[in-house]
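One-letter residues, chain by chain:
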Amino acid sequence: MALTDVIYQNTPGNSEGFPLGVPTSYSWYGGSTGHTGSTPPSNFTSVTGWGQVYPESGASNDSNPANVQIANFQTWVHLKTGGWVLVQDQATDPIAGSQFLADFSGNTNTSWSVTRQADGSAMGAAPLSGYNDHFWPGSRGSYSAGSVDGVYVQADMRTTDPNEHLVADLGADWWSTPTAPYVDGFSNNPGAGMSDWVALTTNYKTLYFTSMTSAQLQGDLPPPLKGTSSPTTPTTPTTPTDPTVPSQPTTPTDPTTPTTPTTPSVTAPVLDVADKSLWVAGRGGQVDLGTTVTTTDPNDNLTLNIMGLPRYETITTGDGTTLRGNNITLTSAQVDSGLTLTSYYKGNAHPVANLTLTASAMDPTTGAVMSSDPQTIRVTDPRPSSWTGGNSGSLANHGFAQLQQQMGADTSTLANTASQTTGWGDQGARASQASQGFALLNQYLAGSSGRVDAGQIAAAMSNGTGWTHNSFLSKPQG
């Protein structure tokens, strides 16, 4: 049963309730986005499992004080060579956490008093309306860079009040190092994913999260699941017997021969990315993601998961729906309508975002899921105003090349212009030429500003830093 529960809690659409105060537009409002197959960046060496508790949306809660109890919290990482390693264990690493605003806006949080019980469990106050309990082991788990390709988290949870309606889930974040700080954009802690929402009762329930696909998990079970029975699968319908022809019918009729039920199946989808290295101008700049998802099985439901979108960028579908957050799931219809990435970056840095895209197909009858291999799109934001310094020439060349592509300019003319900029140094006159080139690029590509939304669970207590404003050289068009 345990393995069945793991797969069930990590299959989209199986949440037992929804979190109060979380906007329905957030990609994680509905719970799991499926077995993502998420792996850490090759140079990362740390991970943390986490959990969160919310009042259930649409349910009434009494005014009596209630607590949440957490026991047997463990985080395991899967080695590329096979086998699992326990990297976080509540038995030796007590639970910590905070109470955050329900939508994580501004990363605003208050202290959450957690007490260790005689049996080793952790006890803390249940969240009130507008807040959550966000918790994790006190120390991050460590592993060797490049050695890990998956994570598994489990914990037992309950509430002390039978009239309290709470939902909880588990997830995990990859961290660059065991002590790296949280920074805006989540470059230090991209999410590995999260499970569906589970309704808590006064009896312990075991919650599960894994980034592994169902096939990967069953091929190499983590130690807590060893010895469990195979997951329950739908039985094949029996073929109906031919109806008996009446011996003396008044008006004989030919019986209809029932058809043999077909066994539903799922086919791995095909994810196509036109360009895996994109450039986008600063505030208001846009670029087409050039992504398609197809399948040879018209019966399957297709989705596209995008992880790693920073807070200063959004994705807009062809029907005008704008999505934010580090973990976004789109329907096949939304993907087919066209996906546009818009940058609202207002700083003076040169940030790079690595978006991880995974397509999934689900059989609507059995719930079986298959995913494509993850693909990465590298999105770079050039400086929105001007550059000075030794790199001005090469960056100006790239800017003119992109401007040429967008505006359909004459190839030879712009190529000659770009070649003349090569080798610009620190002198003011040459840097000014680079500035003029990028002013033209910004004027064409820049757009209106928008709100930066958290859209990602940050397993950190430090508040996010502010966004630096930067003036532009020209008035944006459009």
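Residues numbered from 1 in each chain as written. Predicted model: local features only at pLDDT ≥ 70, side-chain atom pairs only at ≥ 80, totals over all residues. Heavy atoms only, no water.

Engineer: Please provide a residue-by-residue account of the overall build of the protein, values included.
Structural biologist: When its secondary structure is counted, the protein shows six helices and 26 strands. Put simply, the protein has 478 residues, and 49% of those count as buried. Intrachain contacts of the protein at a sequence separation of at least 6 include 79% that bridge at least 24 residues. Surface summary for the protein: the accessible area is close to 21300 Å², and the carbon and sulfur share equals 50%. (Helix = DSSP H or I, 4+ residues; strand = E, 2+ residues; numbered from the N terminus. Buried < 20%, exposed > 50% of the residue type's maximum accessible area, 1.4 Å probe, protein only. Contact = heavy atoms within 4.5 Å. Areas by Shrake-Rupley, 256 points an atom, 1.4 Å probe, with all protein chains shown as cover.)

Engineer: Describe the environment of leucine 225, and please don't skip the residues or the numbers.
Structural biologist: Note that leucine 225 resides in the loop between helix H2 (214-219) and strand S15 (270-273). Assessed through its relative accessible area of 1%, leucine 225 is described here as buried. With 224 residues separating them in the primary sequence, leucine 225 and methionine 1 have C-alpha atoms 9.6 Å apart. Beyond its immediate chain neighbours, meaning those up to four positions away, leucine 225 contacts Ala2, Leu3, Val6, Tyr152, Tyr208 and Leu217.

Engineer: Requested: an account of the side chain of glutamate 313, with residues and values cited.
Structural biologist: Position of glutamate 313 among the secondary structure elements: in strand S20 (residues 313-317). No salt bridge is formed by the buried glutamate 313; the nearest opposite charge belongs to arginine 378, separated by 11 Å. Dropping the residues within four chain positions of it, glutamate 313 is found in contact with Val280, Leu341, Thr342, Ser343, Ala353, Val379 and Asp381. (Lys, Arg positive; Asp, Glu negative; His and termini not counted. Salt bridge = Lys/Arg side-chain N within 4 Å of Asp/Glu carboxyl O.)

Engineer: Describe the packing of aromatic side chains, naming the residues involved and giving the relevant values.
Structural biologist: For the coordinates displayed, the defined rule picks out 13 aromatic pairs. Pairing tyrosine 312 with tyrosine 345 gives two aromatic rings, centres 5.2 Å apart and planes at 65°, and the pair type is edge-to-face. Here the residue tyrosine 312 occupies a position in the loop between strand S19 (301-307) and S20, and tyrosine 345 occupies one in the loop between strand S23 (339-343) and strand S24 (352-362), the gap between them amounting to 33 residues. Across the pair, exposure class does not vary: tyrosine 312 and tyrosine 345 are buried alike. An aromatic cluster is built from Tyr26, Trp28, Tyr54, Phe100, Phe104 and Trp197, whose rings are joined through pairwise contacts. In this arrangement the basic side chain of arginine 140 is found over the ring face of tryptophan 175, its NZ or CZ atom lying 3.5 Å from the centre. (Phe/Tyr/Trp six-rings, centres within 6.5 Å; stacked < 30°, edge-to-face > 60°. Lys NZ or Arg CZ within 6 Å of the ring centre and 35° of its normal.)

Engineer: Tell me what's going on with the environment of aspartate 300, and back it up with residues and numbers.
Structural biologist: Residue placement: aspartate 300 occurs in the loop between strand S18 (291-294) and S19. As a C-alpha pair, aspartate 300 and valine 369 span 69 residues in sequence and 9.1 Å in three-dimensional space. If near-sequence neighbours (up to four positions away) are discounted, aspartate 300 is found in contact with Ser265, Val266, Thr267, Thr295, Ala361, Met362, Asp363 and Pro364. A polar side-chain atom of aspartate 300 sits 3.0 Å from the main-chain amide nitrogen of threonine 267. (Polar contact = N/O pair within 3.5 Å; in protein donor to acceptor, adjacent residues only side chain to side chain.)

Engineer: So, the pattern of salt bridges: which residues are in play, and what are the values?
Structural biologist: Following the criterion strictly, the structure yields two salt bridges and no others. The residue lysine 205 makes a salt bridge to glutamate 16 at a minimum N-O spacing of 3.6 Å. Taken together, the residues lysine 205 in strand S14 (residues 205-210) and glutamate 16 in the loop between helix H1 (2-9) and strand S1 (46-55) connect sequence positions 189 residues apart. The salt bridge involving aspartate 184 is made with arginine 311; its shortest N-O contact spans 2.5 Å. Highlighted residues: aspartate 184 in the loop between strand S11 (166-175) and strand S12 (191-194) and arginine 311 in the loop between S19 and S20, separated in sequence by 127 residues.

Engineer: Which residues make up H1, and what values do they have?
Structural biologist: Side chains of residues three or four places apart in an α-helix project in the same direction, reflecting 3.6 residues per turn. The element H1 is largely enclosed, with a buried count of six among its eight residues. Within H1, burial applies to Ala2, Leu3, Thr4, Val6, Ile7 and Gln9. Against the buried residues of H1 lie strand S10 (148-159), strand S13 (198-199), S14 and H2.

Engineer: Which residues make up the environment of proline 162, and what values do they have?
Structural biologist: With respect to the helices, strands and loops of the structure, proline 162 is situated in the loop between S10 and S11. When its relative accessible area of 65% is taken as the criterion, proline 162 is described as exposed.

Engineer: Can you tell me about the nonpolar core, naming the residues and giving the values?
Structural biologist: In globular proteins that are soluble, nonpolar side chains generally tend to be buried together. One finds Ile70 and Met157 to be the most contacted residues of the largest nonpolar core, which totals 30 residues. Of all the secondary structure elements, the ones that give two or more residues to this core are S1, strand S2 (67-79), S10, S11 and S14. When near neighbours in sequence (up to four residues on either side) are disregarded, isoleucine 70 contacts Gln90, Ile95, Trp112, Ser121, Ala122, Phe135, Ala155, Asp156 and Met157. Counting 28 residues, the second-largest nonpolar core is a separate cluster that includes Leu271, Leu302, Leu304 and Ile377. (Core = buried A, V, L, I, M, F, W, Y, C linked by side-chain atoms within 4.5 Å.)

Engineer: Any chance you could break down the sheet that holds strand S17 (residues 286-288) for me, citing the residues and the numbers?
Structural biologist: A sheet is described by the order of its strands in space; here four strands give the open sequence S17-S23-S20-S21, paired in antiparallel fashion. At either end of the open sheet lies a strand with only one pairing partner, and these are S17 and strand S21 (322-323). Bridge analysis of S20 against S21 gives two bridges, and the strand direction is antiparallel. Note on S21: the bridge partner recorded for threonine 316 is threonine 322. (Pairing = 2+ DSSP bridges.)

Engineer: Please set out the pairing of S10 residue by residue, giving values where relevant.
Structural biologist: Here S10 lies mainly inside the structure; 10 of its 12 residues are buried. Looking at chain direction, S2 and S10 are connected through 10 bridges and run antiparallel. Bridging from a neighbouring strand, valine 68 pairs with threonine 159 of S10. With six bridges connecting them, S10 and S14 associate as antiparallel partners. Counterpart to aspartate 156 in the pairing with S14 is threonine 206.

Engineer: How would you sum up unusual backbone geometry? Please name residues and give values.
Structural biologist: If you check the backbone angles, phenylalanine 104 has positive phi at about 60° while not being a glycine. Turning to its location among the elements, phenylalanine 104 is positioned in the loop between strand S4 (95-101) and strand S5 (109-111). On the accessibility criterion, phenylalanine 104 (3% relative accessible area) is buried.

Engineer: Describe the confidence of the model for the protein, naming the residues involved and giving the relevant values.
Structural biologist: Reading fine detail from the predicted coordinates is not recommended where pLDDT is low. Considering every residue of the protein, the mean pLDDT works out to 78; 71% of them sit at 70 or more. Here residues 259-264 scores under 50 on pLDDT; set against residues more than four positions off or in separate chains, the count is eight contacts. Segment residues 384-435: pLDDT under 50, and 70 contacts once partners within four positions in sequence are set aside and those in other chains are kept. (pLDDT = per-residue confidence, 0-100.)

Engineer: Hey, could you go over the pairing of S19 for me, with residue numbers and the actual values?
Structural biologist: Counting buried residues in S19 gives five out of seven residues, a clear majority hidden from the surface. Pairing of S19 with strand S22 (residues 327-331) involves five bridges; the strand directions are antiparallel. Note on S22: the bridge partner recorded for leucine 304 is leucine 330.

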